[in-house]
Amino acid sequence: HDAAVARGKLYFGTASDWWEFQHDEPYTKQLNNTHDFGQLTALATMKMDAIQPERGIFNFTGGDTLANLASANGQHLRCHSTVWHLSTPSWVTAGNFDNDTLVEILKDHINRTVSHYKGRCYAWDVVNEALDVNGGWRESVWYNTIGPAYLPIAFATAAQVDPGAKLYYNDFGIELPSPKATAAQNIVKLIKSYGVRIDGVGIQAHTDLSGMPPEAHFELGSSPSYDETVAVMKQFVALGVEVAITELDASIITPSNSASLAMQADAYYNFTAACLTVKECVGITIWDWTDKYTWVPSTFPDLGDALPWDKDFLKKPAYNGIMKAF
Ligand code: XIL
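An account of the accompanying structure is given in this report. These figures come from a predicted structure and were not determined experimentally.

1. Quick look at the overall build of the protein
Across its full length, the protein carries 14 helices and 10 strands. Relative to the compact-globule value of 20 Å for 326 residues, the protein shows a C-alpha radius of gyration of 18 Å, a close match. Dimensions of the protein, computed from C-alpha atoms along their principal axes, come out at roughly 55 × 40 × 40 Å. When each of the 326 residues of the protein is scored for burial, the buried share is 49%. The contacts of the protein with a sequence gap of at least 6 include a subset with a gap of at least 24, amounting to 77%.

2. What about the site of the ligand?
In the neighbourhood of the ligand, the contacting residues comprise Leu43, Ala44, Asn128, Gln204, His206, Glu219, Glu247 and Trp295. For the shell around the ligand, the class distribution of residues is three nonpolar, three polar and two charged.

3. Considerations on unusual backbone geometry
With an omega of -15°, the peptide bond running from histidine 80 to serine 81 counts as cis. Tracing the sequence through the fold places serine 81 in strand β3 (residues 76-84). Following threonine 254, the chain continues to proline 255 via a peptide bond in cis, the omega torsion being -5°. By secondary structure assignment, the location of proline 255 is in the loop between β8 (242-253) and α12 (258-277).

4. Examining the pairing of strand β2 (residues 39-42)
Residues Gln39 and Thr41 line one face of β2 and the alternating positions Leu40 and Ala42 line the opposite face, and both faces are buried. Inspection of the sheet shows strand β1 (residues 11-16) paired to β2 by three bridges, in the parallel sense. Looking at the pairing, threonine 14 lines up with leucine 40 of β2. Two strands pair when backbone bridges link them, and β2 and β3 are joined in this way by three bridges, in the parallel orientation. Directly across from threonine 41, in β3, lies its bridge partner arginine 78.

5. Examining the packing of helix α11 (residues 226-237) against α12
Packing of α11 against α12 leaves a shortest axis separation of 9 Å and a crossing angle of 40°. Classified by the interaxial angle, the pair formed by α11 and α12 is oblique. Between α11 and α12 lies a crossing whose hand is right-handed. Facing α11, whose interface residues are Tyr226, Thr229, Val230 and Met233, α12 presents Asn270, Phe271, Ala273, Ala274 and Thr277. Each residue belonging to the contact of α11 with α12 can be placed in one class, and the counts come to six nonpolar, three polar and no charged.

6. Examining the pairing of strand β5 (residues 166-171)
Across the six residues of β5, six count as buried, placing the element largely inside the fold. Residues of β5 alternate between two faces, with Lys166, Tyr168 and Asn170 on one and Leu167, Tyr169 and Asp171 on the opposite face, all of them buried. In the sheet, strand β4 (residues 123-128) pairs with β5 via five bridges, with the strands oriented parallel. Across the sheet, asparagine 128 pairs through a bridge with asparagine 170, a residue of β5. Following the chain from β5 across helix α10 (residues 179-193) to the adjacent parallel strand β6 (residues 200-203), one finds a crossover that is right-handed.

7. Some details on α11
For α11, with 12 residues, the first-to-last C-alpha span of 16 Å sits near the 16 Å given by 1.5 Å per residue. Every buried residue belonging to α11 is among Thr229, Val232, Met233 and Phe236, and all of these are buried. One side of α11 carries all its buried residues, which in axial view fall inside an arc of 105°. In this fold, the buried residues of α11 make contact with α10, β6, β8, α12 and β9 (281-286).

8. Considerations on the packing of helix α9 (residues 150-161) against α10
Close contact between α9 and α10 brings their axes to 9 Å; oriented N to C, the two are set at 65°. Crossing of α9 over α10 shows right-handed handedness. When α9 is examined against α10, the residues Leu151, Pro152 and Phe155 are found in contact with a partner set consisting of Ile187, Leu190 and Ile191. Classifying every residue of the contact of α9 with α10 by side-chain character gives six nonpolar, no polar and no charged.

9. Things to note about the environment of isoleucine 146
Mapping isoleucine 146 onto the fold places it in helix α8 (residues 141-146). Sequence-distant contacts of isoleucine 146, that is, excluding residues within four places in its chain, are made with Asn99, Leu102 and Val103.

10. Topic: helix α5 (residues 61-73)
Here α5 spans 18 Å end to end across 13 residues, near enough to the 18 Å set by a 1.5 Å rise per residue. For α5, the full list of buried residues reads Gly62, Gly63, Leu66, Ala67 and Ala70. Mapping the buried residues of α5 onto a view down its axis gives an arc of 130°, with all of them on the same face. Exposed residues lying more than 90 degrees from the buried face of α5 are Thr61 and Ala72. As for α5, its buried residues are in contact with β1, α2 (18-21), β2, α4 (48-51) and β3. Directly beyond the C-terminal end of α5, a positive phi value near 70° is found at glycine 74.

11. A few points about the environment of isoleucine 110
Note on placement: isoleucine 110 falls in helix α7 (residues 99-116). Given 25 C-beta atoms within 10 Å, isoleucine 110 falls into the buried group. Spatially, the C-alpha atoms of isoleucine 110 and asparagine 59 are 14 Å apart, while their sequence positions differ by 51 residues. For isoleucine 110, the residues in contact, after removing those within four places along its chain, are Thr82, Ala154, Thr157, Ala158 and Val161.

Analysis parameters
Residues numbered from 1 in each chain as written. Predicted model: local features only at pLDDT ≥ 70, side-chain atom pairs only at ≥ 80, totals over all residues. Helix = DSSP H or I, 4+ residues; strand = E, 2+ residues; numbered from the N terminus. Rg over C-alpha atoms; globule rule 2.2 N^0.38 Å. Buried ≥ 20, exposed ≤ 12 C-beta atoms within 10 Å, placed from the backbone. Contact = placed C-beta atoms within 7 Å. Near = placed C-beta within 6 Å. Nonpolar A, V, L, I, M, F, W, Y, C, P; charged D, E, K, R; others polar. Pairing = 2+ DSSP bridges. Axes fitted to C-alpha atoms, helices over the stretch in contact; angles between N-to-C directions. Parallel < 35°, antiparallel > 145°, perpendicular 65-115°, else oblique. Left-handed = near helix turned anticlockwise from the far one by under 90°. Right-handed = clockwise from strand over helix to strand, strands pointing away. Expected span 1.5 Å × (residues − 1). Arc of directions from axis to C-beta.

Here you go:
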């Protein structure tokens, strides 16, 4: 984070569910290391299934734990995310609600959640992953019931509640010029066409270094070059939004070896260097910082070791890849 700030960026940060990990003292110590991390994102505790597990029952305990840690440490907070198909609670997905009712549910959730954290979030990922891997609309209860209008409705609601938070669209697979990146640019245009504010696009940068075909790991992006990431960032910026790398990790086949660790260092270097090149790239967030807690193996058992610190909290070549870019 110190190096990022020295190069004019707002932050380098990490995601965490400190709620779950606060018993792990060495973990907590590094999370509090503001020389490395000037920003925090909640991995799961600010999502809809965590905050509103039953209709009208709101629980901010987990998210508050992380938000309070960020405040105590003077770290920026990215808030993630009000609408995501995979964290939509079952009372919504199985509720068979009609259009009007679902619009009410959407607005109510955003109203309550964004107002709870009002003034504390540098940015809100208002909508996460509205697109499928090819750039078509992702089938979700929101899209299937409300249609694409759920995006401008969500952004308009958030804009009204917290005028100070940057409102982001966030997705994976948009790290390089591609049909999906073009579709994400169309989302920016769609929201603006309603006269609604969108301030940023979050480029997740969950990167698959396995060398396997993309279908093998449906929620990861392929590894782009520095030039490709700079090019796509400039495409977004041309639409009048800022960008951030919001969920950076680089998955390798486990167990790792020196060749895969070196490839991983290059991937971290490329993303960091691209963000440094593009003035409107405000910062970089890694998706947790230690291989001990990376989400990857729970979703893709053949992959893991995706982060810059190993399971014993020792710095890996990936850490040096980041620092080399600075
Ligand atoms: C993951 C978290 O890491 C897990 O802890 C949680 O259980 C499920 O979600 N893309 C995203 C993130 O936008 O929200 C996902 O995070 C990883 C993929």
